[in-house]
Amino acid sequence: MIRYLALRFAGLAGVLLVICAVTFTIFYVFPADPALQACGKSCTPERLAMLHHQMGLDRPLWQQFTDYLVGIFAGRSYGSGPLAVQCHFPCLGFSYQNNMPVWDLMMQRLPTTVSIGVGAALLWLVGGVTVGVVSALRKDSLLDRTMMVGTLTSASLPIYFTAMALTVVVVQIGGLLPYSSYVPIAEDPIGWTKNLILPWVALALLYAAMYARLSRASMVETMAEPYIRTARAKGLPERTVVTKHGLRAGLTPVLTVFGMDLGALLGGAVITESVFGLPGLGQLTIDSINKSDQPVVMGVALLAAFFITFANLVVDLLYAAIDPQVRYA
Amino acid sequence: MAAPPLTTEAAGSASAPAGQSPWRLVGGRLRRDPAALAGLAIIALFVLMAIAAPLLTALNGHGPNEFHPEKIDKALAGAPKGAFGGIDGDFWLGVEPGTGRDVFSRMVYGARVSLLISVAATGVATVVGTVLGLTAGFAGGRIDTFISRIMDMVLSFPQLIFMIALVSVLPEGNRMLELVFVMGFFGWPYIGRIVRGQTLTLRHREFVDAARATGMLRTRIVFREVLPNLLAPVLVYATLTIPINIGTEAALSFLGIGVRPPDSSWGQMMSKAIDWYQVDPTFFVVPGVCLLLTVLAFTLLGDAFRDALDPRGAGR
């Protein structure tokens, strides 16, 4: 188990390292000189040269990359002498736009994204799995068919379409909820909920549909297994057969997908955030890309990749707990 | 050489009654599946619409980039005059707020862009994924490890963020082509993994061993013996990838880094609509319904393919 964990963590670090290198290449090699952008309109050659030095851009590329890596774990200082700027752990550089540390910028935005992601995830997990399991148990009934047509449609709805339609119907015509904005949960839990209901529902409609289809397919397959017949034959009540024997095996595939989806969502629900105008990581990404603010884009990309790979790891470990067939040596 | 019985996921020759080829059997199953037919009909409709775009716009008399200032209300910041976004006998689906361009014409031309990009991107992903998956599965050893690692790596990228970032730093060029390759690049590992898995199970099947024993060349074995047996899962997966790509293209255009104006795509129309949806809901409903219908149609068709190609029958 320890050996397995160590291997997995090494793998995780490897993936992040490669992503880091790729991001670095994309954002530092391709575009125009970042110092020129930071320099602004009234730029003199001296000031540009100084900025180059300050940002470490006058050093060889591989050295810039190692500096960046070291900065993440140990912090670093930009420039030298009296002009040096200290960047503390975990240092992902400074935004070109407002000179804020990238880490702080991201941490400001993270609560919004987490609020959207976790809330929606709970909603779609419960909703989707319930629909899927009920459908599977009543396979080929009218209810099953109706629900499957419904989920197919709901899965085909583009999120921005759902978002706009919900806003028009619920907010504009119905007047039931306020136009979405972000209120921190600590300040006003009720306001937080009210503001996030629409984004949650919009996201959940899309994902729940996929989960319903997935859990239905998986449950149908599981309930046809011989051990389910055995469980029934030894006289267990149907409820126990379904919950104890069926769900456990039937829902394992759902878990894998759930981990990956939630991980991906925590890196920024780009579209949802931009439709509802919520200041999360996704918004930050779009803003930074539009303004060529490379350190921020790189920071967000790394954080998002971390969430995805980490979620994968957690899922694999949970697998062992749920499914006794999968035990790691 | 006729394809012998396959793995459980592949084509349905195992249960084929004598005298019917597996593909004909599948065709028969599809013809009896209302969902497949509905999907096919919707797709055919949109494809025809895209092909006949110049004809259709000639019919209603408004080009996709013709401005009609008389149709919008300057006093209301450019909101369309008339109810439902300015729908009338002349402008069948109303006009675009702010410019007065005909929504119907833009929708028809948008279909071209949306379908072309998503199908082409799926093509790129399918070809690359099949070639690399086949190579990994058949070669095994180090080559397999190498290709598999690359696939894992690409899959753990936050895709939308990287697509946005890549498209935004790519040099000014043919944006549609760039979108196709960027979307294809992030899509191939999904198909690659499936193809690799299938190839692994096929590699040591009797008919492949037999071919090897007759001294057939490796490339010939791959193309003549293994590849035909992969067509079914690849077809299913490709069909199900198209709707995902339609969504991605729309999302990228929605975020302002898709096709450039004056080209129109459904996603771009949606992105324009976000500023107007409270005043003029018709404007977002049109591209939204188009997106919904095409995605739904391709998903229905893909599901139907999978059921029809499943040797366990269409009962799942």
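Now for a quick tour of the structure. (Residues numbered from 1 in each chain as written. Chains lettered and ligands numbered in written order. Predicted model: local features only at pLDDT ≥ 70, side-chain atom pairs only at ≥ 80, totals over all residues. Heavy atoms only, no water.)

### Some points on the overall build of chain B
Phase 1: Looking only at helices and strands, chain B features eleven helices and two strands.
Phase 2: Here chain B holds 316 residues, and the buried ones make up 55% of them.
Phase 3: At a minimum sequence separation of 6, the contacts of chain B that also span at least 24 residues come to 73%.
Phase 4: Carbon and sulfur atoms make up 68% of the accessible area of chain B, which amounts to about 13800 Å² in all. (Helix = DSSP H or I, 4+ residues; strand = E, 2+ residues; numbered from the N terminus. Buried < 20%, exposed > 50% of the residue type's maximum accessible area, 1.4 Å probe, protein only. Contact = heavy atoms within 4.5 Å. Areas by Shrake-Rupley, 256 points an atom, 1.4 Å probe, with all protein chains shown as cover.)

### So, helix H8 (residues 206–213) of chain B
Residue and element names in this part refer to chain B.
Phase 1: Taken together, the buried positions of H8 are occupied by Phe 207, Val 208 and Ala 211. Along the axis of H8, the buried positions cluster into a sector of 100 degrees, meaning they face one direction only. Looking at H8, the residues exposed on the side facing more than 90 degrees away from the buried face are Glu 206 and Ala 213.
Phase 2: Tucked inside the fold, the buried residues of H8 contact helix H4 (103–139), helix H7 (175–203) and helix H9 (218–254). (Arc of directions from axis to C-beta.)

### A word on the interface of chain B and chain A
Phase 1: Every contact between the two is made by 36 residues of chain B and, on the other side, 40 residues of chain A.
Phase 2: Of the roughly 3300 Å² buried between chain B and chain A, counting both surfaces, carbon and sulfur atoms make up 79%.
Phase 3: The tally of links between chain B and chain A comes to one salt bridge.
Phase 4: Linking chain B with chain A are one residue pair in polar contact (both at pLDDT 80 or more).
Phase 5: With twelve residues, the single largest contributor to the side of chain B that touches chain A is helix H11 (residues 281–309) of chain B. (Buried area = accessible area lost by both parts, 1.4 Å probe. Salt bridge = Lys/Arg side-chain N within 4 Å of Asp/Glu carboxyl O. Polar contact = N/O pair within 3.5 Å; in protein donor to acceptor, adjacent residues only side chain to side chain.)

### Brief notes about the environment of Leu 160 of chain B
Phase 1: Relative to the helices and strands, Leu 160 of chain B is located in helix H6 (residues 159–169).
Phase 2: Each C-alpha atom, one on Leu 160 of chain B and one on Tyr 190 of chain B, is 15 Å from the other, the two residues being 30 residues apart in sequence.
Phase 3: Those residues within four positions of Leu 160 of chain B in sequence are excluded, and the remaining contacts are Val 270 and Ile 271 of chain A together with Leu 252 of chain B.

### Description of the pattern of salt bridges
Phase 1: Overall, the coordinates contain twelve salt bridges over all chains when judged by the stated rule.
Phase 2: When the shortest N-O distance is used, the salt bridge between Asp 144 of chain A and Arg 216 of chain A registers 2.9 Å. Taken as a pair, Asp 144 of chain A in helix H6 (residues 142–156) and Arg 216 of chain A in helix H8 (residues 189–223) lie far apart in primary sequence, 72 residues in all. The pair formed by Asp 144 of chain A and Arg 216 of chain A is uniform in burial state, with each residue classed as buried.
Phase 3: A salt bridge links Arg 306 of chain B to Asp 303 of chain B; the shortest N-O distance between them is 3.0 Å. A residue pair is termed a helical-turn pair when its members lie 3 or 4 positions apart in one helix, as Arg 306 of chain B and Asp 303 of chain B do in helix H11 at three residues.
Phase 4: The exposure class assigned to Arg 306 of chain B is partly exposed, which follows from its relative accessible area of 38%.
Phase 5: We classify Asp 303 of chain B as buried; its relative accessible area is 13%.
Phase 6: Through salt bridges with shared partners, one network takes in Lys 139, Asp 140 and Arg 145 of chain A.

Just distances and angles here, no functional claims.
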